[in-house]
Amino acid sequence: APVKIANTLSGLVSFGGGVAYDPTNNSVWVSDGVRIRNLSMAGTTLCDFPATLTDKTWAVTGLAFNRAKRQLIQLEMGPGSGTRLVNVRFHDATKCPATPLALACKGRTIKGTGVVAAGIAYDGARDLIYYSVSSSGFFNSTHTIHVVKPTAPCTDVNTGSAIGVI
(Lines give C-alpha, C1' and ligand atoms only; values in the text may rest on other atoms or scores of the structure.)
Protein backbone atom coordinates (compact mmCIF):
# COMPACT_ATOMS: atom_id res chain seq x y z
CA ALA A 1 0.00 0.00 0.00
CA PRO A 2 1.28 3.50 -0.73
CA VAL A 3 2.59 5.50 2.23
CA LYS A 4 1.01 8.97 2.38
CA ILE A 5 1.81 12.17 4.23
CA ALA A 6 -0.51 15.15 4.32
CA ASN A 7 0.68 18.49 3.00
CA THR A 8 0.61 20.93 5.91
CA LEU A 9 2.53 23.79 4.32
CA SER A 10 -0.38 26.23 4.47
CA GLY A 11 0.83 27.98 1.34
CA LEU A 12 4.42 28.53 2.56
CA VAL A 13 5.96 27.05 -0.60
CA SER A 14 4.60 24.69 -3.20
CA PHE A 15 7.92 22.90 -3.73
CA GLY A 16 8.65 21.87 -0.13
CA GLY A 17 9.15 18.28 0.82
CA GLY A 18 11.35 15.29 0.31
CA VAL A 19 11.69 11.56 0.80
CA ALA A 20 14.62 9.32 1.75
CA TYR A 21 14.73 5.55 2.25
CA ASP A 22 16.27 4.37 5.54
CA PRO A 23 17.65 0.84 5.01
CA THR A 24 18.59 0.50 8.70
CA ASN A 25 14.88 0.63 9.65
CA ASN A 26 13.29 -0.36 6.33
CA SER A 27 11.35 2.90 6.57
CA VAL A 28 11.07 6.22 4.77
CA TRP A 29 11.75 9.72 6.01
CA VAL A 30 9.31 12.20 4.49
CA SER A 31 8.78 15.93 4.74
CA ASP A 32 6.12 18.37 3.65
CA GLY A 33 8.57 21.27 3.97
CA VAL A 34 7.95 22.11 7.64
CA ARG A 35 7.66 18.71 9.38
CA ILE A 36 9.67 15.50 9.10
CA ARG A 37 8.25 12.02 9.67
CA ASN A 38 9.70 8.55 9.66
CA LEU A 39 7.15 6.05 8.36
CA SER A 40 7.22 2.27 8.34
CA MET A 41 6.47 0.51 5.07
CA ALA A 42 2.99 -0.17 6.49
CA GLY A 43 2.48 3.59 6.92
CA THR A 44 2.82 3.68 10.71
CA THR A 45 4.41 6.87 12.03
CA LEU A 46 7.65 5.97 13.82
CA CYS A 47 8.72 9.55 14.46
CA ASP A 48 7.19 12.99 13.77
CA PHE A 49 8.70 16.38 14.55
CA PRO A 50 8.96 19.96 13.26
CA ALA A 51 11.85 20.40 10.85
CA THR A 52 14.79 22.39 12.15
CA LEU A 53 14.97 25.30 9.72
CA THR A 54 17.17 28.39 9.44
CA ASP A 55 14.09 30.62 9.65
CA LYS A 56 10.31 30.16 9.69
CA THR A 57 10.22 31.28 6.02
CA TRP A 58 12.55 28.45 4.95
CA ALA A 59 11.42 24.97 3.86
CA VAL A 60 12.83 21.46 3.55
CA THR A 61 13.22 20.81 -0.18
CA GLY A 62 14.92 17.42 -0.12
CA LEU A 63 16.01 14.52 2.09
CA ALA A 64 18.75 11.90 1.78
CA PHE A 65 20.07 9.20 4.12
CA ASN A 66 23.62 8.17 5.06
CA ARG A 67 23.34 4.51 6.04
CA ALA A 68 26.85 4.15 7.51
CA LYS A 69 26.45 7.09 9.90
CA ARG A 70 22.65 6.75 10.28
CA GLN A 71 22.28 10.40 9.37
CA LEU A 72 19.35 12.13 7.76
CA ILE A 73 20.56 14.82 5.36
CA GLN A 74 18.25 17.78 4.80
CA LEU A 75 18.32 20.24 1.92
CA GLU A 76 16.57 23.50 2.78
CA MET A 77 15.95 26.69 0.91
CA GLY A 78 15.04 30.22 1.89
CA PRO A 79 12.75 32.66 0.11
CA GLY A 80 13.98 35.05 -2.53
CA SER A 81 13.57 36.43 -5.99
CA GLY A 82 16.52 36.05 -8.33
CA THR A 83 18.74 34.81 -5.49
CA ARG A 84 18.03 32.15 -2.92
CA LEU A 85 19.99 30.73 -0.02
CA VAL A 86 20.46 26.97 0.30
CA ASN A 87 21.55 25.02 3.37
CA VAL A 88 22.55 21.40 3.97
CA ARG A 89 21.78 20.14 7.48
CA PHE A 90 22.64 16.78 9.11
CA HIS A 91 20.59 14.91 11.76
CA ASP A 92 21.31 11.93 14.02
CA ALA A 93 18.58 9.55 12.80
CA THR A 94 19.04 7.11 15.70
CA LYS A 95 16.90 9.37 17.91
CA CYS A 96 13.36 10.72 17.78
CA PRO A 97 13.17 13.50 17.04
CA ALA A 98 16.21 13.22 14.81
CA THR A 99 18.74 15.50 16.50
CA PRO A 100 20.29 18.24 14.35
CA LEU A 101 24.06 17.71 14.28
CA ALA A 102 25.26 20.62 12.23
CA LEU A 103 24.23 23.24 9.75
CA ALA A 104 27.06 22.41 7.42
CA CYS A 105 26.34 24.85 4.62
CA LYS A 106 25.26 28.18 6.03
CA GLY A 107 23.38 29.99 3.33
CA ARG A 108 25.05 29.11 0.04
CA THR A 109 23.89 31.71 -2.47
CA ILE A 110 22.25 30.36 -5.62
CA LYS A 111 21.49 32.99 -8.26
CA GLY A 112 19.00 32.83 -11.09
CA THR A 113 15.39 33.44 -11.99
CA GLY A 114 12.82 31.11 -10.43
CA VAL A 115 15.51 29.16 -8.56
CA VAL A 116 14.48 25.98 -6.75
CA ALA A 117 16.85 23.61 -4.97
CA ALA A 118 14.83 20.43 -4.71
CA GLY A 119 16.48 17.06 -4.92
CA ILE A 120 19.30 15.54 -2.88
CA ALA A 121 21.01 12.14 -2.83
CA TYR A 122 23.83 10.61 -0.82
CA ASP A 123 26.47 8.38 -2.42
CA GLY A 124 27.84 6.14 0.33
CA ALA A 125 30.50 4.51 -1.86
CA ARG A 126 32.14 7.87 -2.64
CA ASP A 127 30.93 9.81 0.44
CA LEU A 128 29.41 12.53 -1.74
CA ILE A 129 26.18 14.51 -1.72
CA TYR A 130 24.44 15.43 -4.97
CA TYR A 131 21.76 18.10 -5.10
CA SER A 132 19.95 19.78 -7.94
CA VAL A 133 19.13 23.42 -8.53
CA SER A 134 16.69 24.42 -11.24
CA SER A 135 16.32 27.90 -12.64
CA SER A 136 13.46 28.76 -14.94
CA GLY A 137 13.73 31.59 -17.43
CA PHE A 138 11.33 33.12 -19.89
CA PHE A 139 12.70 31.13 -22.85
CA ASN A 140 14.66 28.34 -21.18
CA SER A 141 15.40 26.52 -17.96
CA THR A 142 18.64 25.19 -16.54
CA HIS A 143 19.14 22.31 -14.13
CA THR A 144 22.48 22.19 -12.35
CA ILE A 145 23.79 19.24 -10.34
CA HIS A 146 26.05 20.19 -7.44
CA VAL A 147 28.42 17.53 -6.07
CA VAL A 148 29.78 18.22 -2.59
CA LYS A 149 31.50 16.43 0.25
CA PRO A 150 29.59 16.11 3.54
CA THR A 151 32.51 17.87 5.24
CA ALA A 152 32.24 20.89 2.87
CA PRO A 153 28.71 21.02 1.41
CA CYS A 154 29.02 24.66 0.32
CA THR A 155 31.87 23.90 -2.09
CA ASP A 156 31.50 21.83 -5.24
CA VAL A 157 34.15 19.11 -5.53
CA ASN A 158 34.72 19.93 -9.20
CA THR A 159 37.13 22.83 -8.52
CA GLY A 160 34.47 24.94 -6.88
CA SER A 161 31.91 24.76 -9.69
CA ALA A 162 28.91 22.56 -10.27
CA ILE A 163 29.23 19.30 -12.19
CA GLY A 164 27.29 20.80 -15.04
CA VAL A 165 24.10 22.10 -16.50
CA ILE A 166 21.57 19.67 -17.90
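This text gives an overview of the structure that appears in the document.

### Structural notes on the nonpolar core
One finds Ile 73, Leu 75, Val 86, Val 88, Ile 120, Ile 129 and Tyr 131 to be the most contacted residues of the largest nonpolar core, which totals 17 residues. Contributing elements (two or more residues each) for this core: strand S6 (71–77), strand S7 (83–92), strand S8 (99–111), strand S9 (115–123) and strand S10 (128–136). Looking at this core, the element that brings in the most residues is S9, giving 4 residues.

### Re the pairing of strand S12 (residues 152–156)
Across 2 bridges, the pairing between strand S11 (residues 141–149) and S12 is antiparallel. Paired with Val 148 across the strands is Asp 156, a residue of S12. Connecting the antiparallel pair S11 and S12 is a turn made up of 2 residues.

### Some words on the sheet that holds strand S1 (residues 18–22)
Across the sheet, which stays open at both edges, the 4 strands sit in the order S1-S2-S3-S4 with antiparallel pairing between neighbours. Two strands bound the open sheet, and with one partner strand each, they are S1 and strand S4 (45–50). Ignoring strand direction, the axes of neighbouring strands in this sheet form an average angle of 15 degrees. When strand S3 (residues 35–40) meets S4, the two strands line up antiparallel, connected through 5 bridges. Across the sheet, Arg 37 pairs through a bridge with Asp 48, a residue of S4.

Reading the values: the criteria
- Residues numbered from 1 in each chain as written.
- Predicted model: local features only at pLDDT ≥ 70, side-chain atom pairs only at ≥ 80, totals over all residues.
- Heavy atoms only, no water.
- Core = buried A, V, L, I, M, F, W, Y, C linked by side-chain atoms within 4.5 Å.
- Buried < 20%, exposed > 50% of the residue type's maximum accessible area, 1.4 Å probe, protein only.
- Helix = DSSP H or I, 4+ residues; strand = E, 2+ residues; numbered from the N terminus.
- Pairing = 2+ DSSP bridges.
- Axes fitted to C-alpha atoms, helices over the stretch in contact; angles between N-to-C directions.

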